[in-house]
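Examining the three-dimensional arrangement
These are the residues of each chain, in order.
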Amino acid sequence: MKTKTEKRFLHIAQLGVPIIRKRAIPVKKIDEETKILTRDMIATCKEVEGVGIAAPQVFQGLQIFILASYPNPRYPTAPKMKPMAVLNPKIVARSSEMEKGWEGCLSIPGIRGFVPRHISITAEYTTIEGIRQKKIFTGFVAKIFQHEYDHLQGHVFVDRVDTKDIITEAIYQKMTRKLLKKSITHLK
Ligand code: NI
């Protein structure tokens, strides 16, 4: 029998499943079910080496996503942070400066896109403890925030890239390994 504290890995909806293109609805009440969902989303994200995951990706049309940056084989240079749940987010300000970075998506396996994103954003959101916060996000975490926020509007990263800026995961991995090798050699 499954206990309440047992972690579960959730199925991930892929592009083509209607929920990926639907706008998520706000969370009205943070109850035990919400807490279990966010905990399972964090476990699932880690299991598949993601740095973020949004509720529609696990078949839940709610305004919830996880930010969970850490260095892993999919994102070797990602900064380490404690995974956090973001509920009912609103981006209230965006830097005019943008920067392109390679992104992948658990719902679109096998490809990467060089996606332009605002280098910093100011966002309001509710924590899993129910506290409304306002915070500035910068760098890689700001990019994850924008990627996951898009999921809540029914958007995916390929909507934001020039098709010429899409490459396969295999080539991306090759490129990253080469770059890492170069930077290590440089440090010696
Ligand atoms: Ni995604």
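As shown above, the structure is provided for reference.
Residues numbered from 1 in each chain as written. Predicted model: local features only at pLDDT ≥ 70, side-chain atom pairs only at ≥ 80, totals over all residues. Heavy atoms only, no water.

1. Some remarks on the overall build of the protein
The line we're drawing: Runs of E in the DSSP output that reach at least two residues are strands. Runs of H or I that reach at least four are helices, and both are numbered from the N terminus. Accessibility here uses a 1.4 Å probe with only protein chains present; expressed as a share of the type maximum, an area under 20% marks a residue as buried, one over 50% as exposed, and anything in between as partly exposed. Contacts are assigned to residue pairs with any non-hydrogen atoms lying within 4.5 Å of each other. Per-residue accessibility takes into account occlusion by the displayed protein chains alone, with areas from the Shrake-Rupley method and a 1.4 Å probe. His is not counted, nor are the chain ends; Lys and Arg add positive charge and Asp and Glu add negative charge. Note on charges: their place is set at NZ of Lys, CZ of Arg, CG of Asp or CD of Glu.
The number of helices and strands found in the protein is three helices and eight strands. Along its sequence from the N terminus, the protein presents helices and strands in the succession α-β-β-β-β-β-β-β-α-β-α. Along the first, second and third principal axes, the C-alpha set of the protein runs to 50 × 45 × 35 Å. Across the 188 residues that make up the protein, the buried fraction comes to 45%. Taking as baseline every contact in the protein between residues at least 6 positions apart, the subset at least 24 positions apart corresponds to 68%. Taken as a whole, the protein presents about 10800 Å² of accessible surface, with 58% of it coming from carbon and sulfur. One way to put it: in the protein the 32 positive side-chain charges average out to a point 3 Å from where the 18 negative ones average out.

2. Let's talk about the coordination of the nickel ion
Stated precisely, the cut-off is as follows: For Na, K and Ca the donor cut-off is 3.2 Å, while for other metals it is 2.8 Å, and in both cases only N, O and S atoms qualify; water is not among them, so sites may look incomplete.
Every protein donor of the nickel ion is listed here as C105 (SG), H147 (NE2) and H151 (NE2), and their distances to the metal cover 2.1 to 2.3 Å. Written as a sequence motif, the donor residues of the nickel ion are C-x41-H-x3-H. Placement of the pair is H147 and H151 together in helix α2 (residues 139–152), with a separation of four residues, close to one helical turn. Of the two residues, H147 and H151, neither departs from the other in class, the shared state being buried.

3. Quick word on the environment of E148
One can find E148 in helix α2. A residue is classified by how much of its surface remains accessible, and E148, at 4% relative accessible area, is buried. Sequence spacing of E148 and C45 is 103 residues, and the spatial spacing of their C-alpha atoms is 12 Å. Those residues within four positions of E148 in sequence are excluded, and the remaining contacts are G52, I53, A54, Q57, F65 and I66.

4. Focus: the sheet that holds strand β5 (residues 111–118)
Our working definition: When DSSP finds two or more bridges between two strands, those strands count as paired. Every axis corresponds to a line fitted to the C-alpha atoms, with the helix fit spanning only the stretch in contact, and the corresponding angles, defined between N-to-C directions, vary from 0 to 180 degrees.
Read across the sheet, three strands follow the order β4-β5-β8 without closing on themselves; strand pairing throughout is antiparallel. Each having just a single partner strand, β4 (98–103) and β8 (166–168) make up the two edges of the open sheet. Within the sheet, the average angular offset between the axes of one strand and its neighbour, ignoring direction, is 30 degrees. Pairing of β5 with β8, which is carried by three bridges, proceeds in the antiparallel orientation. Within β8, the residue paired with G113 across the bridge is I166. Contacts between α2 and the sheet are confined to β4 and β5, with β5 contributing the most and set at about 105 degrees to the helix.

5. Digging into the nonpolar core
Spelled out, the test is: Take the buried Ala, Val, Leu, Ile, Met, Phe, Trp, Tyr and Cys residues and link them wherever side-chain atoms come within 4.5 Å; each set so joined is a nonpolar core.
Ranked by internal contacts, the top residues of the largest apolar core, which has 21 residues, are F65, L67, M84, V86, I121, F137 and F145. For this core, the secondary-structure elements that each account for two or more residues are β2 (64–67), β3 (84–94), β6 (120–126) and α2. Broken down by element, the residue count for this core peaks at six residues, all from α2. Apart from residues lying up to four places away in sequence, F65 is in contact with M41, I53, A54, M84, A85, V86, P89, F145, E148, Y149 and L152. In this structure, V27, M41, C45 and A85 belong to the second largest nonpolar core, which totals 15 residues.

6. Remarks on the packing of aromatic side chains
Short version of the rule: In summary, the pairing rule links any two rings of Phe, Tyr or Trp, Trp by its six-membered ring, whose centres are within 6.5 Å, and it sorts them by plane angle into stacked for under 30 degrees, edge-to-face for over 60 and tilted for everything else. By definition, being over a ring means that NZ of Lys or CZ of Arg is both within 6 Å of the ring centre and within 35 degrees of the ring normal.
Considering all chains together, one arrives at seven aromatic pairs under this definition. Judged by centre distance (5.0 Å) and plane angle (90 degrees), the ring pair of F65 and F145 falls under edge-to-face. Here the residue F65 occupies a position in strand β2, and F145 occupies one in helix α2, the gap between them amounting to 80 residues. When sorted by exposure, F65 lands in the same class as F145, which is buried. A network of ring pairs unites the aromatic residues F65, Y125, F137, F145 and Y149 as a single cluster. In this structure, K46 packs its charged tip against the face of Y70, placed 5.5 Å from the ring centre. The ring of Y75 is capped by R112, whose NZ or CZ atom sits 4.7 Å from the centre of that ring.

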